[in-house]
Amino acid sequence: MVILAAPDTTFSFSSDNLVPTVAEFTTAGSDIFIISDIANGVKMAPEIQSISAADTPDNLEEVISEMDGISGNIVRFNTDIYNDLEKLNCYKRLRMWYVTNKGYCFGGLTGYLIKNYIPDWTHDGYGNRSKFPFEFRWFKTPATTTGTAQDMAYLDLTN
């Protein structure tokens, strides 16, 4: 299941979980679009951008950014889903959450910020179903450590 929302959509969830429940999404408002019939949905391999060892102070490769993503096909669509996708076309960016077939919701409380591009429906010929293929990518937030866990002594000249 993919859940899409306008980028400026704000709502609050009453659950004590780290992510909202599906029931909370359905009552959140009219700017939330839930698309449940996804086929061939997979989590894509991350794209990592890094700088080479010669450009870092310790000669080790350093990761600058990492992008995660999912892809799949919206297969069982009707005019309501088609109209919802058309309504979203006015936004350049969207907030997205996705729910796995085991019921895990990814995206946290704010969702992933993604570019808004869903191509028009395609049909691969006689005997095949029509579908909306999609591919959503977002920047993975870097892992952070607290100031007490960092070793700041490396900045000292006497170290």
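Here's a quick rundown of the structure. (Residues numbered from 1 in each chain as written. Predicted model: local features only at pLDDT ≥ 70, side-chain atom pairs only at ≥ 80, totals over all residues. Heavy atoms only, no water.)

It is worth spelling out the overall build of the protein at this point. For the protein, the count of helices and strands is two helices and nine strands. Counted from the first residue to the last, the protein has its helices and strands arranged as β-α-β-β-β-α-β-β-β-β-β. The buried share of the protein, taken over its 159 residues, is 29%. Of all intrachain contacts in the protein linking residues separated by at least 6 positions in sequence, the fraction that spans at least 24 positions is 61%. Total accessible area on the protein stands at roughly 11000 Å², and carbon and sulfur atoms take up 52% of it. (Helix = DSSP H or I, 4+ residues; strand = E, 2+ residues; numbered from the N terminus. Buried < 20%, exposed > 50% of the residue type's maximum accessible area, 1.4 Å probe, protein only. Contact = heavy atoms within 4.5 Å. Areas by Shrake-Rupley, 256 points an atom, 1.4 Å probe, with all protein chains shown as cover.)

Another aspect to go through is the pairing of strand S9 (residues 130–139). Relative to S9, strand S4 (residues 62–74) is paired through eight bridges, and the arrangement is antiparallel. Across the sheet, residue isoleucine 70 finds its bridge partner in S9, namely phenylalanine 136. Pairing of strand S8 (residues 122–123) with S9, which is carried by two bridges, proceeds in the antiparallel orientation. By the bridge assignment for S9, threonine 122 is matched with lysine 131. Here S8 folds back onto S9 in antiparallel fashion, the turn holding six residues, of which glycine 125 has a positive phi close to 115°. (Pairing = 2+ DSSP bridges.)

Let's shift gears to helix H2 (residues 79–88). By the burial criterion, the buried members of H2 are Ile81, Leu85 and Leu88. Viewed end-on, H2 has its buried residues packed into an arc of 60°, placing them on one side of the element. Of the exposed residues in H2, those oriented more than 90 degrees away from the buried face are Thr79, Asp80 and Lys87. (Arc of directions from axis to C-beta.)

The antiparallel open sheet is built from four strands, whose spatial order is S3-S4-S9-S8. What marks the edges here is a single partner per strand, and that holds for strand S3 (38–51) and S8.

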